[in-house]
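# A closer look at the structure
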Amino acid sequence: MKSLKKLLKKKGYVKIPLVLTETNHFEISAKINGNLGRFILDTGASNTCIGIDKIEFFKLISEESEIKAAGAGATEMETLISAKNKIEIGQWKKKKHKIVLFDLVHVNQALTNHNALPVDGIIGADLLKKGKAIIDYDKKMLFLRAN
């Protein structure tokens, strides 16, 4: 039987290493509009999100949103939406991806309270679904299908 890595490569997937943090989250590096950032991989987050304080850094053009964000003990947070963003994770690329922007202070406070580094955002289920993601928890690898 072929290894998972070989099988997925044959099917057009690219592999991306994951880092397990002190909080037992997987962390990943990704480029948004050409700028590299640190993100938590969160299969339970419905949308990919970036901290509202990173709008300029990631060259995000935003507009008001009806979406309310919740997570890590905070609820009903105001959000902005940024459409048509280029996302690169390893060799995987996606153009015109929507990103939700909100205040990640509570998320980063929870991370730093547990000796983990703060993040720029969260890679959510929306992006994982588009990439037909497969996570190998044992090998700490994310596989995304190339477009």
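### Focus: the overall build of the protein chain
If you tally the helices and strands in the protein chain, you get three helices and 13 strands. Put simply, the protein chain has 147 residues, and 44% of those count as buried. In the protein chain, 58% of the contacts between residues at least 6 apart in sequence involve partners at least 24 apart.

### Here we look at the pattern of salt bridges
Tallied over the full model, the rule gives three salt bridges. For the salt bridge of Arg-38 with Glu-27, the shortest nitrogen-to-oxygen distance reads 3.1 Å. Placement of the pair is Arg-38 in strand E4 (residues 35–41) and Glu-27 in strand E3 (residues 26–32), with a sequence separation of 11 residues. Here Lys-86 and Glu-88 are joined by a salt bridge, their closest N and O atoms 3.9 Å apart. On the basis of relative accessible area, Lys-86 is assigned to the partly exposed category, the value being 34%.

### Some details on the sheet that holds strand E12 (residues 134–136)
If you walk across this open sheet you meet the three strands as E1-E13-E12, and the pairing is antiparallel. Each having just a single partner strand, strand E1 (13–17) and E12 make up the two edges of the open sheet. For this sheet, the mean angle separating the axes of adjacent strands, direction not counted, is 25 degrees. One ladder, built from five bridges, connects E1 with strand E13 (residues 141–145); its direction is antiparallel. Following the sheet pairing, Val-14 is matched in E13 by Leu-144.

### Describing the pairing of E4
Across the seven residues that make up E4, a large majority, five, are buried. Bridging between E3 and E4 involves seven bridges; their strand directions are antiparallel. The residue of E4 that forms the bridge with Ala-30 is Gly-37. Here E4 pairs with strand E11 (residues 121–123) via three bridges, running parallel. Bridge pairing links Ile-40 to Ile-122 in E11.

### Section: the side chain of Asp-126
Structurally, Asp-126 can be placed in helix H3 (residues 125–130). For the buried Asp-126, which has no salt bridge, the nearest side chain bearing the opposite charge is Lys-130, at an N-O separation of 6.2 Å. Side chain to side chain, Asp-126 and Thr-48 meet in a polar contact 2.8 Å long. Setting aside anything within four residues of it in sequence, one finds Asp-126 in contact with Ser-46, Asn-47, Thr-48, His-97 and Lys-98.

What counts, and where the lines are drawn
Residues numbered from 1 in each chain as written. Predicted model: local features only at pLDDT ≥ 70, side-chain atom pairs only at ≥ 80, totals over all residues. Heavy atoms only, no water. Helix = DSSP H or I, 4+ residues; strand = E, 2+ residues; numbered from the N terminus. Buried < 20%, exposed > 50% of the residue type's maximum accessible area, 1.4 Å probe, protein only. Contact = heavy atoms within 4.5 Å. Salt bridge = Lys/Arg side-chain N within 4 Å of Asp/Glu carboxyl O. Pairing = 2+ DSSP bridges. Axes fitted to C-alpha atoms, helices over the stretch in contact; angles between N-to-C directions. Lys, Arg positive; Asp, Glu negative; His and termini not counted. Polar contact = N/O pair within 3.5 Å; in protein donor to acceptor, adjacent residues only side chain to side chain.

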